[in-house]
Structure formats: C-alpha cells, structure tokens
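Breakdown of the fold
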Amino acid sequence: MTLPFPLAPEPDAAQREAGRMMFAAGAEFLKGVVAMDGMPPDDRLEVCFAGRSNVGKSSLINALTGRKNLARASNTPGRTQEINFFTLGTARYLVDLPGYGFAEAPVKVVERWQRLLKAYLSGRVTLRRAFVLIDTRHGIMKADEEILALLDRAAVTFQVVMTKADKVKTSEHDKVLAQVRAALSKHPAAYPEIVLTSAEKGDGIETLRAIIAGLV
Ligand SMILES: Nc1nc2c(ncn2[C@@H]2O[C@H](COP(=O)(O)OP(=O)(O)OP(=O)(O)O)[C@@H](O)[C@H]2O)c(=O)[nH]1
Ligand SMILES: [Mg+2]
C-alpha cells in the first residue's frame, strides 16, 4: 500500500534540466502589491508561496532563485506585509504572500491582509499552484487551517512544502509528516505530493524548481 501524500519523487534528468533552465533565466523583484488593482497583468503562469510568518517563505524563494537577498528574509515576523511579485525570465511570476498567524499584528492590519489574500487567491486566474509552507518542527497548525480552507473554497490546488527540514532530525520526519498527511486528507484542493525542503542546506530545491517548471 502506498502512503497518501507521499513525498514528491526526485525529478528525472529532463525535469531537473527544465527546472534549472527556467530558474537560470534570472529572477527579479517586480513589485509589492497592497491591493488587487496593483497586480501586474495576468499574462503568464504564476505560483505563490503562503505560510505562517517566519516559516521560511522568503528564504525558500531566495534558495530557488539562487539570489541571497532577493526576497528579504527577515528575523522580524510579519516584515513582508505586501504581496511581492518576482519575475522568472518571462515564464513565471513567483509570488511571496504576507505571512499569517503572528500574534502581535493589530486586528485591523490582519483583517486587511485577509481581505487581500482572499481576493488574490480566489481572483487570480493565472495562479496555477499555491505552495503552502509548513515548518517541519511544527506541522500543520491552527493558523494554517484557515488558509487551507480558503484554498479549498477557491479551488486553488495547493502543495505542501515542508521547510527547515535541517532543524529536525531525519528520524523525526515521519512523525510530523504523518500529522501533515492526516490534516491534508480533509482538503480536496491538496495536491497529493509533499516536498521536504531546507533553504539552508538546499534539500528539495531542485525538486521544487522542476515542479514549478513542469506546470502547464
Ligand atoms: N535552519 C534553517 N533556517 C531557515 C530555513 N529557512 C528559513 N530559515 C530561517 O527562518 C527565519 C525566517 O525566514 P524567512 O524566510 O524570513 O520567513 P518568512 O516566511 O519569509 O517570514 P515573513 O516574511 O515574516 O512572513 C530566518 O531567520 C531564516 O534564516 C531553513 O531551511 N533552515
Ligand atoms: Mg518573508
């Protein structure tokens, strides 16, 4: 019997090369958006990165693009408060979403983000996949459930990307993966494979590049 929500298989040579090529085209910051009318034209496929504040969204984008400071990776939770668009050659937009679930943010600010997030996730026609980042130390938490439900309702396919795998002993990975699998089984929009990554060590980065390049 195969596990539900297995880890994504290693890309084959052709897939790996497609990923490498697409990311070799170079990534650039395009703009930070605070309202739907500020979005760039929907003229290419895009993927977004969602996750709790501090889960490692910006670090993952930096690792994928090989650009250390492209998406500001900060130690201050909630620093990235805009929807940040990056171009990948002319083939893709990579979109860094505002982190959610940190306690200190004023209610008004949280409400504004939620409205924007909702509008973006349900209204962006070229959004092909949402990567939902989950900290390997914590698994899926209450704050994540809200966005997973939002993605279900918007019928946006989402794929879980485990982050900071280097911070958890390999022998402990299965335990957290079991928790994630159980949670995902309740979400119809969940893509059936999980990617385990470390922006720090590079684990899973080629796989994720290949996945992004392979979207049609
Ligand atoms: N050890 C380790 N640390 C990581 C990894 N990825 C991110 N971090 C650290 O986690 C912290 C938060 O990372 P960010 O990339 O800024 O997280 P974020 O999700 O963009 O945070 P916000 O923009 O505030 O929502 C930083 O101190 C990173 O250096 C990883 O793979 N391994
Ligand atoms: Mg960030």
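What you see is a predicted model; the values in this text were computed from it and never measured.

So, on to the sheet that holds strand β5 (residues 127-135). The 7 strands lie next to each other as β1-β3-β4-β2-β5-β6-β7, forming an open sheet whose pairing is mixed. Two strands bound the open sheet, and with one partner strand each, they are β1 (27-33) and β7 (195-196). Note that β1 and strand β3 (residues 83-88) share 6 bridges and pair antiparallel. Of the residues in β3, the one forming a bridge with F29 is F86. Relative to strand β6 (residues 158-163), helix α5 (residues 170-184) is tilted by about 160°, and along the sheet it contacts β5, β6 and β7. In this fold helix α6 (residues 205-214) packs onto β2 (45-51), β4 (92-96), β5, β6 and β7, with an angle of close to 160° to the strand it touches most, β5.

Our focus in this paragraph is the side chain of R209. Its place among the elements puts R209 in helix α6. Buried charge R209 goes without a salt bridge, the closest partner of opposite sign being E206 at 5.2 Å.

Quick look at the pairing of β3 now. Of all 6 residues in β3, 6 are buried; the element is thus mostly enclosed. Burial of β3 is two-sided: the residues I83, F85 and T87 facing one way and the residues N84, F86 and L88 facing the other way are all buried. Both β3 and β4 contribute to a ladder of 5 bridges, which runs antiparallel. Looking across to β4, one finds that F86 is bridged to L94. The hairpin turn running from β3 into β4, its antiparallel successor, is 3 residues long, and G89 in that turn takes a positive phi close to 50°.

For the pair helix α1 (residues 13-24) and α6, the least separation of the axes is 7 Å and the interaxial angle reads 85°. In this view, α1 runs roughly perpendicular relative to α6, as classed from their interaxial angle. For the pair formed by α1 and α6, the contact residues are Q15, R16, A18, G19, M22 and F23 on the first element and E206, R209, A210, I212 and A213 on the second. Across the contact of α1 with α6, the residue classes break down as 6 nonpolar, 2 polar and 3 charged.

The biggest cluster of nonpolar side chains holds 36 residues, and the ones touching the most others in it are I83, L97, Y120, L121, F158 and L184. If you list the elements that add at least two residues to this core, you get β2, β3, β4, α3 (107-123), β5, α4 (142-154), β6 and α5. In this structure, Y120 is in contact with M36, M39, E46, C48, I83, F85, V95, L97 and L127, ignoring residues within four places of it in sequence. L45, V55, L60 and L94 belong to the second-largest nonpolar core, a separate cluster that totals 27 residues.

This part takes up α3. Taking 1.5 Å as the rise per residue, α3 with 17 residues should run 24 Å; its terminal C-alpha atoms sit 24 Å apart, in good agreement. For α3, the complete set of buried residues consists of V109, W113, L116, L117, Y120 and L121. Seen end-on, α3 carries its buried residues on one side only, within an arc spanning 125°. Turned more than 90 degrees away from the buried face of α3, the exposed residues are V107, K108, R115 and S122. For α3, the elements touching its buried residues are β1, β2, β3, β4, β5 and α4.

In this section: the packing of α3 against α4. Relative placement of two packed helices is described by the angle separating their axes and the distance separating the axes. For the pair α3 and α4, the least separation of the axes is 9 Å and the interaxial angle reads 35°. Considering only the axes of α3 and α4, their crossing is right-handed. Contacts between α3 and α4 involve Q114, L117, K118, L121 and S122 from the former and E146, I147, L150, L151 and A154 from the latter. Residues belonging to the contact of α3 with α4 are distributed by class as follows: 6 nonpolar, 2 polar and 2 charged.

About the criteria used
- Residues numbered from 1 in each chain as written.
- Chains lettered and ligands numbered in written order.
- Predicted model: local features only at pLDDT ≥ 70, side-chain atom pairs only at ≥ 80, totals over all residues.
- Heavy atoms only, no water.
- Pairing = 2+ DSSP bridges.
- Helix = DSSP H or I, 4+ residues; strand = E, 2+ residues; numbered from the N terminus.
- Contact = heavy atoms within 4.5 Å.
- Axes fitted to C-alpha atoms, helices over the stretch in contact; angles between N-to-C directions.
- Buried < 20%, exposed > 50% of the residue type's maximum accessible area, 1.4 Å probe, protein only.
- Lys, Arg positive; Asp, Glu negative; His and termini not counted.
- Salt bridge = Lys/Arg side-chain N within 4 Å of Asp/Glu carboxyl O.
- Parallel < 35°, antiparallel > 145°, perpendicular 65-115°, else oblique.
- Nonpolar A, V, L, I, M, F, W, Y, C, P; charged D, E, K, R; others polar.
- Core = buried A, V, L, I, M, F, W, Y, C linked by side-chain atoms within 4.5 Å.
- Expected span 1.5 Å × (residues − 1).
- Arc of directions from axis to C-beta.
- Left-handed = near helix turned anticlockwise from the far one by under 90°.

Limitation: the analysis is restricted to geometry and does not speak to function.
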